[in-house]
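Per-entry structural report
Chain residues, written in single-letter form:
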Amino acid sequence: MNCTEFIFNGISGREYGLVICSFDGSQDGTATAGSNIEFTTFKTPGSDTWLKTGAAYHEQLTFSFQVCKYSCHAGDIKPFTERELAFLMRWLVRKEYGWLQFIQEGYENIFFHCQIKAERHLIGGQCCGLTLTVTCDAPFGWSQNMTATISSSASETICLYDSSDEIGEVCPSIEIIVGNTPDRQDITIANSLTGTSMQIDHCVPGESITIKKRQIFSSECIAVPDQHKYTGDHTTLYDDFNYQWFTIGNTFDNRENEITVTGNCTVTMNWRVPRKAVI
């Protein structure tokens, strides 16, 4: 019996007496690593070669595992009561995505942002376990949340190492607290590796600007309900933003991100990077 612990949305399966098991006596199973890429190609006229015009993942990471109510010390399995099943369904089966983690060697820094479907495993008319089918929001898992804070009086440069298992870029969530300067100022956050240079002009002293999921918000630019206008001291925010979304990334040969913040402000970034775990 596998007594591996798993955690979903901050709650451990052990709180419900659950451990990972296998009903057919085998620990092997079928899973996908979520790494299937589809290439778009074009045959060169008058040639026997094809050119790649695009490439994208077309499959989410999916896998399944089985759980039961088992005591690793007593060595016995007990069926679930209907009340226990109701609690498990409420915890595991949700309309929104949740974070799944396995407490096992090799998976310490891997989190799966996923939805779970549960099927009962019946023996003698009693539910003795569940088969949990996991569908992730990406072709891979994610690292633990990482954070970096850059405080700049005029200009500050730091270097961040991107430990991603995927070559490419991710957009961090960003909070900018504008310094209490006498006048408005322009703020720039640039990354020499990815070539992105995000700029916001005419920032108000003390203003709080949040950038998340390619959307920008400000404490000084508040939408008036049911009206096509904004209130605050920075109502021109959406004209003052250059819409170059800041990214952190890596190439095959380089993981060093040299980030420069220009302006009097404090910048806090939060992000996760892909983890290509094979279940």
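See the structure printed just above.
Predicted model only: the values in this text are computed from it and were never measured. (Residues numbered from 1 in each chain as written. Predicted model: local features only at pLDDT ≥ 70, side-chain atom pairs only at ≥ 80, totals over all residues. Heavy atoms only, no water.)

**Some thoughts on the pairing of strand β8 (residues 98-103)**
Consecutive side chains of a regular strand alternate in pointing toward one face of the sheet and then the other. To be explicit about the condition: Any two strands with at least two DSSP-identified bridges between them are counted as paired. Runs of E in the DSSP output that reach at least two residues are strands. Runs of H or I that reach at least four are helices, and both are numbered from the N terminus.
Relative to β8, strand β1 (residues 5-8) runs antiparallel, the two sharing four bridges. Bridge pairing in β8 places Ile7 opposite Gln101. In the sheet, β8 pairs with strand β9 (residues 112-123) via three bridges, with the strands oriented antiparallel. In the sheet register, Gly98 faces β9, and the bridge partner there is Cys114.

**Overview of the side chain of Arg275**
Applied cut-off: Between N or O atoms, a polar contact is any pair within 3.5 Å; within protein, one atom must be a potential hydrogen donor and the other a potential acceptor, and residues adjacent in sequence are included only when both atoms are from side chains. Note on definitions: a residue-residue contact is assigned when non-hydrogen atoms from the two residues lie within 4.5 Å.
For Arg275, the position within the fold is in strand β25 (residues 274-275). A distance of 2.9 Å separates a polar side-chain atom of Arg275 from the backbone oxygen of Ser163. Beyond its immediate chain neighbours, meaning those up to four positions away, Arg275 contacts Asn109, Ile110, Phe140, Gly141, Trp142, Ser143, Ser163, Ser164 and Asp165.

**Looking at the packing of aromatic side chains**
Within a pair of aromatic rings, the relevant descriptors are the distance that separates the centres and the angle that separates the planes. What counts here: Between the rings of Phe, Tyr and Trp (Trp by its six-membered ring), a pair exists once the centres lie within 6.5 Å; its type follows the angle of the planes, with under 30 degrees stacked, over 60 edge-to-face, and the other angles tilted. A 1.4 Å probe rolled over the protein chains alone gives each residue an accessible area, and that area as a share of the maximum for its type sets the label: buried under 20%, exposed over 50%, partly exposed in between. Put simply, a charge is over a ring when the Lys NZ or the Arg CZ is close to the ring centre, within 6 Å, and near the line of the ring normal, within 35 degrees.
Enumeration according to the criterion identifies 12 aromatic pairs in this entry. Ring centres of Phe102 and Phe112 lie 6.1 Å apart, and the angle between their planes is 65°; this geometry places the pair in the edge-to-face category. Of this pair, Phe102 sits in strand β8 while Phe112 sits in strand β9, and the two are 10 residues apart along the sequence. Judged by relative accessible area, Phe102 falls into the buried class, the value being 6%. Relative accessible area serves as the criterion here: at 0%, Phe112 is assigned to the buried category. Judged by centre distance (5.4 Å) and plane angle (40°), the ring pair of Tyr230 and Tyr238 falls under tilted. The aromatic ring of Trp99 is capped on one face by Arg272, whose charged end is 3.8 Å from the ring centroid. The ring of Phe111 carries Arg272 above its face, with NZ or CZ at 5.4 Å from the centroid.

**Focus on the nonpolar core**
What counts is decided by this rule: Throughout, nonpolar core names a set of buried Ala, Val, Leu, Ile, Met, Phe, Trp, Tyr and Cys residues whose side chains join them through atoms within 4.5 Å.
With 28 residues, the main nonpolar core has Ile174, Ile176, Ile189, Ile200 and Met269 as its most contacted residues. Looking at this core, the elements that each hand over two or more residues are β12 (146-152), β15 (173-178), β16 (185-191), β17 (196-203), β18 (208-212), β23 (256-262) and β24 (265-271). If you tally residues by element for this core, the top one is β24, at four residues. Setting aside residues up to four positions removed in sequence, Ile189 forms contacts with Ile174, Ile176, Thr196, Ser197, Met198, Phe246, Ile259, Thr260, Val261 and Val267. Counting 26 residues, the second-largest nonpolar core is a separate cluster that includes Phe6, Val67, Phe80 and Tyr107.

**Describing the pattern of salt bridges**
Put simply, the test is: Just to be clear on terms, a salt bridge is a Lys or Arg side-chain nitrogen sitting within 4 Å of an Asp or Glu carboxyl oxygen.
Inspection of every chain in the model, using the stated rule, returns five salt bridges. Glu84 is the salt-bridge partner of Lys69, the closest N and O atoms lying 2.9 Å from each other. Separated by 15 residues along the polypeptide, Lys69 in strand β6 (residues 62-71) and Glu84 in helix α1 (residues 82-92) bring together distant segments of the chain. A relative accessible area of 17% means that Lys69 is categorised as buried.

**Considering the sheet that holds strand β19 (residues 215-218)**
For clarity, the cut-off: Axes, fitted as lines to C-alpha atoms, cover a helix only where it is in contact. Angles between the N-to-C directions of the axes lie from 0 to 180 degrees.
Spatial ordering of the open sheet is given by β12-β24-β15-β18-β19, a layout of five strands whose pairing is antiparallel. The outermost strands of the open sheet, each flanked by one partner alone, are β12 and β19. Between one strand axis and the next, the sheet turns through 15° on average, direction left out of account. Across four bridges, β18 lies against β19 in antiparallel orientation. Looking at the pairing, Thr210 lines up with Phe217 of β19.

**Some words on the sheet that holds strand β13 (residues 155-161)**
Strand order in the open sheet formed by four strands is β13-β23-β16-β17, with antiparallel pairing between adjacent strands. At either end of the open sheet lies a strand with only one pairing partner, and these are β13 and β17. Within this sheet the neighbouring strands show an average axis-to-axis angle of 10°, counted without direction. Of the pairings in the sheet, the one linking β16 to β17 comprises six bridges and is antiparallel in character. Looking at the pairing, Asn191 lines up with Thr196 of β17.

**Quick word on the pairing of β1**
Burial of the side chains of β1 is restricted to one face: Phe6 and Phe8 are buried, whereas none of Glu5 and Ile7 on the reverse face is. Relative to strand β2 (residues 11-12), β1 runs antiparallel, the two sharing two bridges. Paired with Phe8 across the two strands is Ile11, which belongs to β2. Counting the residues between successive antiparallel strands, the hairpin from β1 to β2 contains two residues, one of them, Asn9, with a positive phi of roughly 55°.

Keep in mind that these numbers describe shape and distance, not what the molecule does.
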